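Each chain, letter by letter, is given below.
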Amino acid sequence: MAFVVQGDVPVTSANAYVDAPYFVAYHTDRGTDVSPYSTAEVQFAIVRASQYLDVRFEYIGERVLSSQELEWPRQFAYDDRGNSEAGLPVAVKWAVCEYALRALTAALMADPAQADDSGRSVKVREEAVGPIVEKIEYERGATYSMPDYPIADRMLVARGLVSSGAAGGSKSGLMVGTLSRG
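None of the values given here were measured: they were computed from a predicted structure. (Residues numbered from 1 in each chain as written. Predicted model: local features only at pLDDT ≥ 70, side-chain atom pairs only at ≥ 80, totals over all residues. Heavy atoms only, no water.)

Peer 1: Talk me through the side chain of Asn15; I want residue IDs and the actual numbers.
Peer 2: Mapped onto the elements, Asn15 comes out in the segment before helix H1 (20-29). Overall, the relative accessible area of 10% leaves Asn15 in the buried class. Within the structure, the side chain of Asn15 is placed 3.0 Å from the backbone oxygen of Ala2, a separation counted as a polar contact. Once residues lying within four places of it in the same chain are set aside, the contact partners of Asn15 are Met1, Ala2, Phe3, Val4, Val47, Ser50 and Leu70. (Helix = DSSP H or I, 4+ residues; strand = E, 2+ residues; numbered from the N terminus. Buried < 20%, exposed > 50% of the residue type's maximum accessible area, 1.4 Å probe, protein only. Polar contact = N/O pair within 3.5 Å; in protein donor to acceptor, adjacent residues only side chain to side chain. Contact = heavy atoms within 4.5 Å.)

Following this line, the structure appears as structure tokens:
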């Protein structure tokens, strides 16, 4: 799949919210040296960050086209002040730049360490060889907690881009730390 950047008008095959020069300019403005990374590495990180942003939050409004790959741009999207969010908000671009920087050195959403093939959290695992005994006890009510990236998360929440119907601004079933306005 090619690296395709989303603009203000929906692009059905887009997989990134910013391009590499935007990422470099954003971090240069903030005094972060990103020169050790190649353009290809930055593009991979941007794609991972764009995907992460879209699975992390529920947003105001609705996607312009049902066939668009990314969640933005959206229609019928009004922030807390009643302003229409037409096109691709700058807060989305900035948040992707923040997430992408982290994606250059680590997984944004690592698999749970104590999960089995079903994805459930394992509390106790016992195995024996003779006579064969296997015991697996699962955590009750365990949910996956999304990692906190305060600066990027707050960029979206503070600008009113995250749906207030979602707990903490996260997609259903995922917990996102406490993100309150104020």
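Peer 1: So what's going on with the packing of aromatic side chains? Which residues, and what values?
Peer 2: Enumeration over the complete set of coordinates arrives at six aromatic pairs. Considering the side-chain rings of Tyr52 and Tyr99, the 5.0 Å spacing of their centres and the 75 degrees angle between planes classify their relative orientation as edge-to-face. Here Tyr52, found in helix H2 (residues 39-56), pairs with Tyr99, found in helix H3 (residues 90-103); they are 47 residues apart in sequence, far enough to count as distant. We note that Tyr52, like Tyr99, is buried. Each ring, one from Tyr52 and one from Tyr149, has its centre 5.8 Å from the other, and the planes form 80 degrees; the classification is edge-to-face. Note that Tyr52 is positioned in helix H2 and Tyr149 in the loop between strand E5 (145-146) and helix H4 (150-158), a separation of 97 residues in sequence. Each member of the pair, Tyr52 as well as Tyr149, is classed as buried. In this structure an aromatic cluster arises from ring pairing among Tyr52, Tyr99 and Tyr149. Its end group placed over the ring of Trp72, Arg74 keeps NZ or CZ at 5.8 Å from the ring centre. (Phe/Tyr/Trp six-rings, centres within 6.5 Å; stacked < 30°, edge-to-face > 60°. Lys NZ or Arg CZ within 6 Å of the ring centre and 35° of its normal.)

Peer 1: Could you give me a rundown of H3, with the residues and numbers involved?
Peer 2: Counted at 1.5 Å a residue, the expected span for H3 with its 14 residues is 20 Å, and the 20 Å between its end C-alpha atoms agrees. Inspection of H3 places Ala91, Val92, Ala95, Val96, Cys97, Glu98, Tyr99, Ala100 and Ala103 among the buried residues, and these make up the whole buried set. Buried residues belonging to H3 abut H1, H2 and H4. (Expected span 1.5 Å × (residues − 1).)

Peer 1: Which residues make up the environment of Ala152, and what are the values?
Peer 2: Here Ala152 lies in helix H4. When its relative accessible area of 0% is taken as the criterion, Ala152 is described as buried. Non-local contacts of Ala152, meaning those with residues more than four positions away in its chain, are made with Ala95, Glu98 and Tyr99.

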